[in-house]
Amino acid sequence: METERHKKQMELLINSLQPWLDQHQLGYVNGNMFIYYSPKQVKHQDFKGPDVFVVLGVSNRERKSWVVWDEGKGPEVVIELLSDTTASYDKGDKKLIYQTQLKATEYFWFDPFNPKDWAGFRLSGGVYQALKPIKGRLLSQSLELALIKWPGIYKNVQATWLRWATLDGELLLLPEE
């Protein structure tokens, strides 16, 4: 992870979504773990390690990595946390890989140090189409949830955090909340 805040942001998204996925028996969420997307992959190629990803319709069991051809599918939702060193790649080449190679249904990015830099995309006809925020929320049709910017304190850091919320606006809470 780039910074402590990036790590905390990743944990906040994963740890609040996991209980919701478990409750609804929907699938698997993880982050900062390699996704291998080509059986012809060469060592150090044809894999990505998204900050957060969600795969629906699979078991929630421990994995060392996500191997698309073994699992039978790739992620529906991918979130990248931008930084000064990754923003250009995340918005360009990486987005294109998620679109054309992994065919992730939805792709979001968020900069934990510049919350105005956030966007969402949905795959339509093989190409990502920008999502328009609705009442300050980006909607995930795949999860039937929203991503919102939440000003608050998480693990002793006052910031604007990206959080999951129901379509009615209720935050998905962390187990400790």
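Going by the structure above, here's the rest.
Residues numbered from 1 in each chain as written. Predicted model: local features only at pLDDT ≥ 70, side-chain atom pairs only at ≥ 80, totals over all residues. Heavy atoms only, no water.

Draft legend 1. Molecular detail of unusual backbone geometry. A positive phi angle, close to 50°, is found at Lys155, a residue other than glycine. Along the chain, Lys155 falls in the loop between strand 11 (145–154) and strand 12 (157–165). One non-glycine residue, Asn156, lies in the positive phi region at around 70°. One can find Asn156 in the loop between strand 11 and strand 12. (Helix = DSSP H or I, 4+ residues; strand = E, 2+ residues; numbered from the N terminus.)

Draft legend 2. Layout of the side chain of Arg137. The topology assignment puts Arg137 in strand 10 (residues 137–140). One buried charged residue, Arg137, remains without a salt bridge, the closest side chain of opposite sign being Asp168 at 6.8 Å. Contacts of Arg137, omitting those with residues within four sequence positions, involve Trp118, Lys132, Ala146, Leu147, Ile148, Thr166, Leu167, Asp168 and Gly169. (Buried < 20%, exposed > 50% of the residue type's maximum accessible area, 1.4 Å probe, protein only. Lys, Arg positive; Asp, Glu negative; His and termini not counted. Salt bridge = Lys/Arg side-chain N within 4 Å of Asp/Glu carboxyl O. Contact = heavy atoms within 4.5 Å.)

Draft legend 3. View of the sheet that holds strand 6 (residues 77–81). Strand order in this open sheet of 6 strands is 1-4-6-7-8-9, and the pairing throughout is mixed. Edge positions in the open sheet fall to strand 1 (27–30) and strand 9 (127–130), since each of these has one partner strand only. Between one strand and the next, the sheet's axes are offset by a mean angle of 15°, whatever the strand orientation. Of the strand pairs in this sheet, strand 8 (residues 118–124) and strand 9 are connected by 4 bridges, and their pairing is antiparallel. Note on strand 9: the bridge partner recorded for Ser124 is Val127. Across the sheet, helix 1 (residues 4–23) lies against strand 1, strand 4 (52–56), strand 6 and strand 7 (106–110), angled at about 165° from strand 1, the strand it touches most. Lying on the sheet, helix 4 (residues 93–100) is in contact with strand 6, strand 7, strand 8 and strand 9; it crosses strand 9 at an angle near 115°. (Pairing = 2+ DSSP bridges. Axes fitted to C-alpha atoms, helices over the stretch in contact; angles between N-to-C directions.)

Draft legend 4. Focus on the environment of Lys91. Topologically, Lys91 is positioned in helix 3 (residues 87–91). Residue class for Lys91 comes out partly exposed when judged on its relative accessible area of 31%. The spatial distance from the C-alpha of Lys91 to the C-alpha of Glu80 is 9.1 Å, given a sequence separation of 11 residues.

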